[in-house]
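The lines below spell out each chain.
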Amino acid sequence: MIDLHARASEINNILQEYLPEETKEFGDITEAMSYSVLAGGKRLRAIMLIESFRLFNNDREMEKMLANPFAAAIEFIHAYSLVHDDLPSMDNDMYRRGILTTHAKYGHAMGVLAGDALLNYAFETMFSTMKGLEKLRGEVVPELYSRVSRAAGIIAARAGYSGMIGGQVLDIVFPKDPNADKSILKIKLLKMYELKTSNLFRAALCAGATLAGASEDDLKKLDTFGYNIGLAFQIDDDILDETATFEQLGKDIGSDRKNNKITICNLIGIDAAKELSREKLNLALETLESLPGNKEFFRDLTDYLSGRKQ
Ligand code: GRG
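Note that the structure is a prediction, hence the values are computed from the model and not measured.

Undergrad: Quick rundown of the nonpolar core? Include the residues and the values.
TA: Of all hydrophobic cores here, the largest spans 74 residues; its most connected members are Phe70, Phe76, Ile77, Ile229, Phe298 and Leu301. With 12 residues, the single largest contributor to this core is helix α4 (residues 60-85). Leave out the neighbours within four places in its chain, and Ile229 touches Met48, Phe201, Leu281, Ala284, Leu301 and Leu305.

Undergrad: Hey, could you go over the site of the ligand for me, with residue numbers and the actual values?
TA: Contacts to the ligand come from 18 residues, most closely from Lys42, Arg45, His78, Arg97 and Gln168. Arg97 places a side-chain nitrogen or oxygen 2.7 Å from an oxygen atom of the ligand. Protein coverage of the free-state accessible area of the ligand, which is 750 Å², stands at 87%. For the shell around the ligand, the elements supplying multiple residues, two or more each, are α4, α8 (164-172), α9 (182-212) and α10 (216-243).

Undergrad: Describe the packing of aromatic side chains, naming the residues involved and giving the relevant values.
TA: The tally for this structure, following the rule as stated, stands at six aromatic pairs. A centroid spacing of 5.5 Å and a plane angle of 75 degrees characterise the contact between Tyr35 and Tyr106, whose relative ring orientation is edge-to-face. A residue pair is termed long-range when its members are at least 10 positions apart, and Tyr35 in helix α2 (residues 29-38) and Tyr106 in helix α5 (residues 102-106) qualify at 71 residues. In this pair, the class of Tyr35 matches that of Tyr106, namely buried. Consider the rings of Tyr95 and Phe246, whose centres lie 5.7 Å apart with planes at 80 degrees: the pair is edge-to-face. Here Tyr95, found in strand β1 (residues 95-96), pairs with Phe246, found in helix α11 (residues 246-249); they are 151 residues apart in sequence, far enough to count as distant. The exposure class of Phe246 is partly exposed, given its relative accessible area of 28%. These aromatic residues form a ring-pair network of at least three members: Phe225, Phe297 and Phe298. For Lys105, the ring lying beneath its charged end belongs to Tyr106, and the centroid distance is 5.7 Å. The ring of Phe233 carries the charged tip of Arg308 above its face, separated from the ring centre by 3.7 Å.

Undergrad: Account for the packing of α4 against helix α6 (residues 108-128), with residues named and values stated.
TA: As a packed pair, α4 and α6 sit with axes 8 Å apart at the nearest point and diverge in direction by 165 degrees. With respect to α6, the element α4 is oriented roughly antiparallel. The hand of the α4/α6 crossing is left-handed. Residues Pro69, Phe70, Ala73, Phe76, Ile77, Ala79, Tyr80, Val83 and His84 of α4 form the contact with α6, whose participating residues are Gly111, Val112, Gly115, Asp116, Leu118, Leu119, Tyr121, Ala122, Phe123, Thr125 and Met126. Split into classes, the residues belonging to the contact of α4 with α6 amount to 15 nonpolar, four polar and one charged.

Undergrad: Which residues make up empty space enclosed by the protein, and what are the values?
TA: Taken as a whole and assessed by the stated rule, the structure comprises one cavity of 30 Å³ or more. Computed from the structure, the largest cavity encloses a volume of approximately 100 Å³. For the largest cavity, the lining is made up of 13 residues, of which Ser36, Ala39, Arg96, Thr101 and Thr102 are closest to its centre. The set of elements that each furnish at least two residues to the lining of the largest cavity consists of α2, α4 and β2 (99-100). Top contributing element to the lining of the largest cavity by residue count: α4, with three residues. When the residues that make up the lining of the largest cavity are grouped by side-chain class, the tally is seven nonpolar, three polar and three charged.

Undergrad: Quick rundown of unusual backbone geometry? Include the residues and the values.
TA: The backbone of Arg43 sits at a positive phi, close to 65 degrees, despite the residue not being glycine. Within the secondary structure layout, Arg43 lies in the loop between α2 and α3 (44-56). A positive phi angle, near 55 degrees, is found at Arg97, a position not held by glycine. Structurally, the position occupied by Arg97 is in the loop between β1 and β2.

Undergrad: Account for the layout of surface pockets, naming residues and giving values.
TA: Approximately 230 Å³ is the volume attributed to the second largest pocket. Taken together, 13 residues form the lining of the second largest pocket, with Asp236, Ile239, Lys274, Ser306 and Arg308 sitting closest to its centre. At the level of secondary structure, the elements contributing two or more residues to the lining of the second largest pocket comprise α10 and α14 (270-289). Taken together, the residues of the lining of the second largest pocket sort by class into four nonpolar, four polar and five charged.

Undergrad: For the environment of Gly27, give the residues involved together with the corresponding values.
TA: Checked against the element boundaries, Gly27 lands in the loop between α1 (4-18) and α2. In this structure Gly27 comes out as partly exposed when scored by relative accessible area, which is 34%. As a C-alpha pair, Gly27 and Met110 span 83 residues in sequence and 9.9 Å in three-dimensional space.

Rules of the game
- Residues numbered from 1 in each chain as written.
- Predicted model: local features only at pLDDT ≥ 70, side-chain atom pairs only at ≥ 80, totals over all residues.
- Heavy atoms only, no water.
- Core = buried A, V, L, I, M, F, W, Y, C linked by side-chain atoms within 4.5 Å.
- Buried < 20%, exposed > 50% of the residue type's maximum accessible area, 1.4 Å probe, protein only.
- Helix = DSSP H or I, 4+ residues; strand = E, 2+ residues; numbered from the N terminus.
- Contact = heavy atoms within 4.5 Å.
- Near = heavy atom within 4 Å.
- Polar contact = N/O pair within 3.5 Å; in protein donor to acceptor, adjacent residues only side chain to side chain.
- Areas by Shrake-Rupley, 256 points an atom, 1.4 Å probe, with all protein chains shown as cover.
- Phe/Tyr/Trp six-rings, centres within 6.5 Å; stacked < 30°, edge-to-face > 60°.
- Lys NZ or Arg CZ within 6 Å of the ring centre and 35° of its normal.
- Axes fitted to C-alpha atoms, helices over the stretch in contact; angles between N-to-C directions.
- Parallel < 35°, antiparallel > 145°, perpendicular 65-115°, else oblique.
- Left-handed = near helix turned anticlockwise from the far one by under 90°.
- Nonpolar A, V, L, I, M, F, W, Y, C, P; charged D, E, K, R; others polar.
- 1 Å grid on protein atoms, 1.4 Å probe; cavity = no way out; pocket = protein on both sides within 12 Å on 5 of 7 lines; lining within 4 Å.
- Points joined across faces, edges and corners; volume = space filled by probe spheres on them.

Here it is in structure tokens:
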């Protein structure tokens, strides 16, 4: 069985290694960046990126030089999205991961800027891997340059206007009328979940596999796996927002209700939402079996996701 707690600590060490050195030269920005990233978190996207690399490649030196910085970068992007999601103009939340949100601690402007800086720094980190590639023995270096740029391209697109940000936009403009046609609302809601949540899971999985040299066919399968676990994850996030406690989640619960959001829970009910999440995880498991390599980690991860409490 996987020990996600231990894996998260390993990722925290990688994050420490790749965060910019703290300096007051630019005011509080580096401190606010570290605060936003190191506050805690399950580190699932970084873990998935490294594990998808391992499905296709067992060269630990290459993993350290390519997968580790990309794993840090995907967490920087995830942290930026949370920092911006918490802003007064978005969900206006004061607590995240058990501590004050970045804007609540450093002020609104610094919340915006810390998020922006993390997004840019994520790409700086990904492209910094190119500097060391010539040191890897026995590899055709042009192929590795190509893998790095393709992996960064996948992350850019999945996090961008037609990916995670697009999902956030759909979230903001989502119909507020609870009497609208429920089947149409459900389709729209799942599309929004796919965009805002599945996309970063898909990005993590496909970037890790691309760095490892996976085939297009296997990338498509991983993408489908990420799509389904991402949907299940967001459905469960909505369920937890109704049923968990502040201590479990580290943030104020009932945030969706406070913001008058239509969620899968108030649309189809908590039991049907749980069933839908299970369906998506079963679909993910089916796809997983068609992938090569040792899939034990991802089987365990799917199992963990089916009963997560935080
Ligand atoms: C550009 C102003 C501006 C805003 C963009 C992109 C964006 C804001 C927000 C992304 C949408 C978002 C926050 C989706 C929620 C995804 C989700 C369920 C996050 C929680 O993930 P966990 O549980 O968090 O993995 P931890 O804390 O464990 O890392």
